[in-house]
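These are the residues of each chain, in order.
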Amino acid sequence: MRKLTYYIACSVDGFIGDPGGDATTMYRFADEEFVEFVSAEYPETVPTPIRRAIGIDDRPNQKFDTIIQGRASYDIALKDGLTSPYAHLREYVASRTLKESPDPHVEIVAEDLVAKVRELKAEDGRLGIYLCGGSVLAGELLDEIDELVIKTYPVVLGAGMPMFGSGVTVTDFELDAVRTFKNGALVRTYNRKR
């Protein structure tokens, strides 16, 4: 069974962006040490154009071969003219409003997202599924999330978009690993308690 991993950046107070979802205030923590870590451990989480720009386009995927992202996350790429922002992965976009995919490489999942995730998890393979962004999406898929990889940056936003949309139930995870960085960022990995 393949894992669904919610790999997300957040502030110390647990927000993944401001109230509108903008997370650009956290970009400044992507210094050389941090970028080196992501490039080595999670290169597939870097969008294809950025992989090319920083010279890691030839790096093999380490953890994931598939990405599921929400419509708001996908819209960020579309605004930049990118219809397939993660061309090195199988791409799925969860959206009830986007009727047609603007790219043949991107599949829109409009109905029964949980069934689609279960189908993807049941596939054979060593690599897992990257859940990319979307507070609401993460809330909807909480019961399917097997692992959390939380990149926490040393900033307090005070208000904003939480890691999980409202209506979630108490769910236990256990700490697996913590990686600290000189700039105050840390990456925590948690596994779901089953």
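Our subject is the structure that appears above.
How each quantity is defined
Chains are numbered independently. Their residues run from 1 in the order of the written sequence. Residue-level local features of this predicted model are given only where pLDDT is at least 70; pairs of side-chain atoms are given and counted only at 80 or more, and the full residue set underlies all totals for whole chains, interfaces and linings. To obtain the side-chain values, all non-hydrogen atoms of the structure were used and water was disregarded. Partly exposed describes any residue whose relative accessible area lies between the buried limit of under 20% and the exposed limit of over 50%, with all areas from a 1.4 Å probe on protein chains only and scaled to the type maximum. Elements are defined by DSSP. Helices are runs of H or I of four residues or more, strands are runs of E of two residues or more, and each kind is numbered from the N terminus. Two strands form a pair only when DSSP identifies at least two bridges running between them. Grouping buried Ala, Val, Leu, Ile, Met, Phe, Trp, Tyr and Cys residues that are joined through side-chain atoms within 4.5 Å yields what is termed a nonpolar core. Note on contacts: a residue pair qualifies if any of its non-hydrogen atoms lie within 4.5 Å across the two residues. The term salt bridge refers to a pairing of a side-chain nitrogen on Lys or Arg with a carboxyl oxygen on Asp or Glu at a separation within 4 Å. Note on geometry: axes are lines fitted to C-alpha atoms, helical ones only across the stretch in contact, with angles between N-to-C directions running from 0 to 180 degrees. Polar contact is defined as a pair of N or O atoms within 3.5 Å, subject to the rule that within protein one atom must be able to donate a hydrogen and the other to accept it, and that residues adjacent in sequence are counted only when both atoms are side-chain atoms.

## A word on the pairing of strand β1 (residues 4–11)
The two faces of a sheet get side chains in turn, since along a regular strand they alternate between them.
(1) Moving on: Counting buried residues in β1 gives 8 out of 8 residues, a clear majority hidden from the surface.
(2) Moving on: The two faces of β1 match: Leu-4, Tyr-6, Ile-8 and Cys-10 on one face and Thr-5, Tyr-7, Ala-9 and Ser-11 on the other face are all buried.
(3) Moving on: Of the pairings in the sheet, the one linking β1 to strand β6 (residues 128–132) comprises 3 bridges and is parallel in character. For Thr-5, the partnering residue across the bridge sits in β6 and is Tyr-130.
(4) Moving on: Both β1 and strand β7 (residues 147–153) contribute to a ladder of 7 bridges, which runs parallel. Paired with Ile-8 across the strands is Ile-150, a residue of β7.

## Focus on the nonpolar core
(1) Moving on: Judged by nonpolar contacts, the single largest core of 25 residues is most densely connected at Tyr-6, Ile-68 and Leu-131.
(2) Moving on: For this core, the secondary structure elements donating two or more residues are β1, β4 (90–94), α4 (113–121), β6, α5 (135–140) and β7.
(3) Moving on: Considering every element that reaches this core, the biggest residue donor is β1, with 4 residues.
(4) Moving on: Discounting residues that sit within four places of it in the chain, Tyr-6 has contacts with Ile-16, Leu-131, Gly-133, Gly-134, Ala-138, Ile-145, Glu-147, Leu-148, Val-149, Met-163 and Phe-164.

## Some points on the pattern of salt bridges
When the charged atoms of two side chains with opposite charge come close together, those side chains can pair.
(1) Moving on: The full count for this structure, using the stated rule, is 16 salt bridges.
(2) Moving on: Taking the shortest distance from any N to any O, the salt bridge between Asp-65 and Arg-2 comes out at 2.7 Å. Separated by 63 residues along the polypeptide, Asp-65 in strand β3 (residues 64–70) and Arg-2 in the segment before β1 bring together distant segments of the chain.
(3) Moving on: What makes Asp-65 partly exposed here is its relative accessible area of 24%.

## Describing the sheet that holds strand β10 (residues 186–192)
(1) Moving on: Taken together, 8 strands build an open sheet; the order of strands is β5-β4-β3-β6-β1-β7-β10-β9 and the sheet is mixed. The strands lining the two open edges of the sheet, one partner per strand, are β5 (106–109) and β9 (173–180). The sheet shows a mean angle of 25° between the axes of neighbouring strands, direction not considered.

## Digging into the environment of Arg-192
(1) Moving on: Mapped onto the fold, Arg-192 is located in strand β10.
(2) Moving on: Using a relative accessible area of 13% as the deciding quantity, one classes Arg-192 as buried.
(3) Moving on: Beyond its immediate stretch of four places on either side in the chain, Arg-192 contacts Leu-142, Asp-143, Ile-145, Asp-146, Thr-171, Asp-172 and Phe-173.
(4) Moving on: There is a polar contact of 2.8 Å between the side chain of Arg-192 and the backbone oxygen of Leu-142.

Just geometry here; none of it tells us what the structure is for.
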